There are 2 protein chains.
Amino acid sequence: MARVEDAYEQLKSQILDQRLPFGFQATESEIADLVDMSRTPVREALLRLQFDGLVELVPRRGVRVSPVSASDMADIYEILMALEPAAAASLASRGLNAPEIERLESITRDMETALADDDLDAWAMADDRFHREILSLHGNRRLTAFVSALLDQAHRARMITLRLRAKPIASTQDHRDVLAHIVNRSPEQAKASFAAHRERAASELLAILRDLRLPQL
Amino acid sequence: MARVEDAYEQLKSQILDQRLPFGFQATESEIADLVDMSRTPVREALLRLQFDGLVELVPRRGVRVSPVSASDMADIYEILMALEPAAAASLASRGLNAPEIERLESITRDMETALADDDLDAWAMADDRFHREILSLHGNRRLTAFVSALLDQAHRARMITLRLRAKPIASTQDHRDVLAHIVNRSPEQAKASFAAHRERAASELLAILRDLRLPQL
DNA sequence: TAATACGTTAATGTATACATTAAAACAGAT
DNA sequence: ATCTGTTTTAATGTATACATTAACGTATTA
């Protein structure tokens, strides 16, 4: 399934970095031409992207890159606020070994460095890696796959709002706190601080989306 | 997409009621013959079932109906324990109108009746409907779709263990409690009782699976 | 002019033919 | 007899041809 995988990755990365912008529409044949293969593997890749929530296969009209509305983002953050703190608490209660701690430490340091350097792209990347590393350490494959898809869906909106808000000093500190609670094996505090982290992120993001009058990006 | 939908529904129902048992294997062509259509729509249906976690497309060996191991069930219940209580709390905090309450009441009564009649199949069906109705009332489409898939995955294991355990008196009372807390608009209590409900269900189920030495069903 | 009915078009949905490739079977050699 | 290399086979992966059908445009009529 090299072709399917290839089409999937190409299209996904183009959607995530907005080379294929919100609302972009095309027929299956056009997409097939775009990635230079037949409709069959392209269709399969598009179905996967639809499951990921990144495109919609609109009957008769072709494929549309899903817009991300404020209400979508609210739904997504609601789920993240339930799942991620639970995963963090579980990690805190099982405890991490030294290399595992170092992985999270390293990502957190990268984030702090990026913040100090005012490198928002690097900051966003480290932020993402931290969240994904927590999932990966937790090890529930279903949870990882689902949350990962949600993080991808949120990605575009976050990149848009990243430069429209104050420097993410608090968020960076949040990560530091969450990590400390996990390392200290304090499940309840890890959960609470992660929930607070997401709650802040959600309310900031939604406020910006609404202010911009971008209910539908 | 009538064919895809048809194949998907046929196969899904056959998997859920174990006419296609755990570990059943077949090639795409055999499945296509089974449902009397070409491989194309069948393949698409199988991909959906794979996303649902009900089958695995094993390269070169065909499609296999996913076994449900104790560890899979543990993963599934862990997610349910984070998401369902959150949904119940959210419902409790927004409040339900009369017809919405009546829907949940009616399902709960059905469950109590089934328990009194010793009709375990009817009981299981009402149990399932209660959980799905909570989701549906909550209205987060992503959450509904995901949890719904998890409930389907858990279905087979639950049906196997249903007759191997004591009558589900406590679970029935749990639903009654959760409903009361939602109606009373007590989010924290709704969340706590739902979590307790799932915790009990999970530990009973996992204990039976392990006792039966069915780590892999 | 507006509305409706009909024909055309273009997109997906489906079937099928073909290419690719991994596994199995077999043969030969050590 | 076993291991290895090769051949065969059979399954998926892919391309393509075809069927179906919804949308659009056009023409006719009220």
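Residues numbered from 1 in each chain as written. Chains lettered and ligands numbered in written order. Predicted model: local features only at pLDDT ≥ 70, side-chain atom pairs only at ≥ 80, totals over all residues. Heavy atoms only, no water.

Draft legend 1. Representation of the overall build of chain A. Across its full length, chain A holds nine helices and three strands. Seen in sequence order, chain A has helices and strands lined up from the N terminus as α-β-α-α-β-β-α-α-α-α-α-α. Against the globule reference of 17 Å for 217 residues, chain A gives a C-alpha radius of gyration of 18 Å, in line with a compact fold. Overall size of chain A, expressed as C-alpha extent along the three principal axes, is 55 × 40 × 30 Å. Out of the 217 residues belonging to chain A, those deemed buried represent 50%. Residue pairs at least 24 apart in sequence account for 73% of intrachain contacts in chain A once pairs closer than 6 positions are excluded. In the form shown here, chain A has an accessible surface area of approximately 10,000 Å², with 51% of it arising from carbon and sulfur atoms. Here chain A contributes 28 positive and 34 negative side-chain charges, whose respective centroids are spaced 3 Å apart. (Helix = DSSP H or I, 4+ residues; strand = E, 2+ residues; numbered from the N terminus. Rg over C-alpha atoms; globule rule 2.2 N^0.38 Å. Buried < 20%, exposed > 50% of the residue type's maximum accessible area, 1.4 Å probe, protein only. Contact = heavy atoms within 4.5 Å. Areas by Shrake-Rupley, 256 points an atom, 1.4 Å probe, with all protein chains shown as cover. Lys, Arg positive; Asp, Glu negative; His and termini not counted. Charge placed at Lys NZ, Arg CZ, Asp CG, Glu CD.)

Draft legend 2. Looking closely at the sheet that holds strand 2 (residues 55-58) of chain B. Residue and element names in this part refer to chain B. Strand order across the open sheet formed by three strands is 1-3-2, with antiparallel pairing between neighbours. The open sheet has two edge strands with one neighbour each: strand 1 (25-26) and strand 2. Summarising the sheet, strand 1 and strand 3 (residues 62-65) pair through two bridges and their orientation is antiparallel. Opposite Q25, over in strand 3, you have R64 as the bridge partner. (Pairing = 2+ DSSP bridges.)

Draft legend 3. Spotlight on the interface of chain A and chain B. Of the residues lining the interface, 23 residues belong to chain A; the matching set on chain B comes to 23 residues. Across the chain A/chain B interface, buried area totals approximately 1,900 Å², and carbon plus sulfur atoms make up 58% of it. One can count four salt bridges joining chain A with chain B. Note that R142(A) and D72(B) form a salt bridge whose closest N and O atoms lie 2.3 Å from each other. Seen at the junction of chain A and chain B, the total is 12 residue pairs in polar contact (both at pLDDT 80 or more). Among the elements of the structure, helix 3 (39-51), helix 4 (70-94) and helix 7 (141-162) of chain A are those that each provide at least two residues to the side of chain A that touches chain B. At nine residues, the largest contribution of residues to the side of chain A that touches chain B is made by helix 4 of chain A. Of the residues belonging to the side of chain A that touches chain B, the class tally is 11 nonpolar, four polar and eight charged. (Buried area = accessible area lost by both parts, 1.4 Å probe. Salt bridge = Lys/Arg side-chain N within 4 Å of Asp/Glu carboxyl O. Polar contact = N/O pair within 3.5 Å; in protein donor to acceptor, adjacent residues only side chain to side chain. Nonpolar A, V, L, I, M, F, W, Y, C, P; charged D, E, K, R; others polar.)

Draft legend 4. Broad picture of the domain arrangement of chain A. Residue and element names in this part refer to chain A. Segmenting chain A into domains produces domain 1 (2-65) and domain 2 (70-211). Across the boundary between the two partners, domain 1 contributes nine residues, which contact six residues of domain 2. Note on domain 1 versus domain 2: buried area summed over both sides is about 730 Å², and carbon and sulfur give 58% of it. At the boundary of domain 1 with domain 2, the tally comes to one salt bridge. Taking the shortest distance from any N to any O, the salt bridge between D152 and K12 comes out at 2.9 Å. Here domain 1 and domain 2 share three residue pairs in polar contact (both at pLDDT 80 or more) between them. With three residues, helix 1 (residues 2-16) is the largest single contributor of residues to the side of domain 1 that touches domain 2. Split into classes, the residues belonging to the side of domain 1 that touches domain 2 amount to five nonpolar, two polar and two charged. (Domains from an automatic or database assignment.)

Draft legend 5. Examining the pattern of salt bridges more closely. All names here are of chain A. All told, the structure shown has 46 salt bridges over all chains when counted by the stated rule. For the salt bridge of E133 with R103, the shortest nitrogen-to-oxygen distance reads 2.6 Å. Residue E133 is found in helix 6 (residues 120-138), and its partner R103 is found in helix 5 (residues 98-116); the two are separated by 30 residues along the sequence. Overall, the relative accessible area of 40% leaves R103 in the partly exposed class. A salt bridge links R132 to D152; the shortest N-O distance between them is 2.9 Å. Of this pair, R132 sits in helix 6 while D152 sits in helix 7, and the two are 20 residues apart along the sequence. Looking at R132, the relative accessible area reads 25%, which means it is partly exposed. Judged by its relative accessible area of 9%, D152 is buried. Connected via shared salt-bridge partners are E102, E105, R109, E112 and R176.

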